[in-house]
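Overview (structure and organization)
Take a look at the letters that make up each chain.
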Amino acid sequence: MDEQLLPDLLQLRGSVVAASDEFFAAKENLITPAAPAFAPHTFDVKGQVYDGWETRRRRGPGGALPDYSVRDWVIVRLGAPGVIQSVVVDTAFFTGNYPQGCSADACSVTGYPSAEELTAGPGPHGWQEIVPRGLLTGDSKHSFTVSSGRRFTHVRLNIFPDGGVARMRVHGEVVPDPALLAGITVDLGALENGADVVACSDEFYSSPRNVISPGLSRVMGEGWETRRRRDPGHEWLVVRLAGRGVIDLAEIDTSRYRGNQPEAASLQVMDADETSAELSADSGWRDLLPKVRLLPDTPHRLRVLGTPATHVRLNIFPDGGVARLRLYGSLTDDGLAAVRRRWEETS
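Residues numbered from 1 in each chain as written. Predicted model: local features only at pLDDT ≥ 70, side-chain atom pairs only at ≥ 80, totals over all residues. Heavy atoms only, no water.

Quick look at the overall build of the chain now. Looking only at helices and strands, one finds 2 helices and 21 strands in the chain. The C-alpha atoms of the chain give a radius of gyration of 22 Å, which matches the 20 Å a tight globule of 347 residues would have. Along the first, second and third principal axes, the C-alpha atoms of the chain reach 75 × 45 × 30 Å. Within the chain, buried positions represent 52% of all 347 residues. Partitioning the intrachain contacts of the chain with sequence separation of at least 6 by distance along the chain shows that 80% fall at a separation of at least 24. Total accessible area on the chain stands at roughly 16,400 Å², and carbon and sulfur atoms take up 50% of it. In the chain, 37 positive and 45 negative side-chain charges are present, and the distance between their average locations comes to 3 Å. (Helix = DSSP H or I, 4+ residues; strand = E, 2+ residues; numbered from the N terminus. Rg over C-alpha atoms; globule rule 2.2 N^0.38 Å. Buried < 20%, exposed > 50% of the residue type's maximum accessible area, 1.4 Å probe, protein only. Contact = heavy atoms within 4.5 Å. Areas by Shrake-Rupley, 256 points an atom, 1.4 Å probe, with all protein chains shown as cover. Lys, Arg positive; Asp, Glu negative; His and termini not counted. Charge placed at Lys NZ, Arg CZ, Asp CG, Glu CD.)

Below, the discussion takes up the pairing of strand β9 (residues 151–160). In regular strands, side chains alternate between the two faces of the sheet. Within β9, 10 of the 10 residues are buried, which leaves it mostly tucked inside the rest of the structure. Here strand β5 (residues 72–90) runs beside β9; their pairing, made up of 8 bridges, is antiparallel. Bridge pairing links Asp 72 to Ile 159 in β9. Where strand β6 (residues 101–107) lies against β9, 7 bridges are found, and the strand directions are antiparallel. What sits directly across from Cys 102, in β9, is Ile 159. (Pairing = 2+ DSSP bridges.)

Structurally, Leu 331 can be placed in strand β21 (residues 324–331). Spatially, the C-alpha atom of Leu 331 lies 24 Å from that of Trp 236, the residues being 95 residues apart in sequence. With residues up to four places along the chain from it excluded, the contact list for Leu 331 reads Leu 181, Leu 188, Gly 243, Arg 244, Gly 245, Leu 336 and Val 339.

For the rest of this paragraph, the subject is the pattern of salt bridges. Scanning the entire structure with this criterion turns up 19 salt bridges. Notably, a salt bridge pairs Glu 192 with Arg 13, separated by 2.8 Å at the nearest N-O pair. One end of the pair, Glu 192, is in the loop between β12 (186–187) and β13 (196–200); the other, Arg 13, is in the segment before β1 (15–19), and 179 residues separate them in sequence. We classify Arg 13 as exposed; its relative accessible area is 55%. If you follow the salt bridges from partner to partner, you end up with Glu 22, Lys 27 and Glu 28 in one network. (Salt bridge = Lys/Arg side-chain N within 4 Å of Asp/Glu carboxyl O.)

Let us now look at helix α2 (residues 333–345). Between its terminal C-alpha atoms α2 stretches 18 Å, which fits the 18 Å expected from 13 residues at 1.5 Å a residue. Buried positions along α2 lie against β5, β9, β15 (235–253) and β21. (Expected span 1.5 Å × (residues − 1).)

Time to look at the side chain of Arg 169. Within the secondary structure, Arg 169 is located in strand β11 (residues 167–174). Here the side chain of Arg 169 touches Pro 33 through a polar contact of 3.2 Å, landing on its backbone oxygen. (Polar contact = N/O pair within 3.5 Å; in protein donor to acceptor, adjacent residues only side chain to side chain.)

Structure, rendered in structure tokens:
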């Protein structure tokens, strides 16, 4: 598991809110999960079709070259509030029509402001620069480090003066709103609630983080699938829960996996400080769900008798694919207090 790459906060059901212009290519393409693609000599009424966001050419008075202080912009809503660590701007396949430069701003707002409200000014904190203006090159992926430490809900990408961007990614740490977790049963293993996969034995075919992502798996590639195991043992992954909590119901979903689902699975829990937990070791884990047989293409919903825990390990025997793992329960008092502290620290 690559622990250096944090989740893309836009893929947690984020959206594109507004743009100054999208004459040649729609702003929504920016957050498409798949890598950008290009088919040469594919034209529509506005010219070559690009898989990205592309604005029209700016002109100064009398058709002069544009003032490079002017910009186009797009505003995206993150799928969950979070502390941003990096912004990726990918100009793949834009070679003669990429922007000269870019910058990024962010804001944190409550509720669900409209596009008009965000463009008018998002509230008392306003927009804060998180990526200073820098140069872009064509057909390249640019990663900009962010060191604000604050949590944000929206990001505005500015491009100077115009042009096309294929993809935008906003990597960071989810900071869940404690008001949405207090006193109710939630999925303690959900990425959008602040959980994450922190270790796994194998990720040959697809990312283990897929199993705790929002929504249902639509195709086999949207789950977690390991290579075929040829030696003794089994595969596993470890989920750091949204907070210390007690799990009452587990769901191990093998939807879309037919002929390559695991033969069986089990769940174990650990209650430990993240700094001291030996997550890949066999000691320290307690059984939450004994080994159970798995069927192909089936969501298995199982009641469990949980105890306070911070981490869950999913073991699959011997290998195969799992579409989703859901861990329904509630935070303990100290677990909720820790979530509240994190929320206040990043305000």
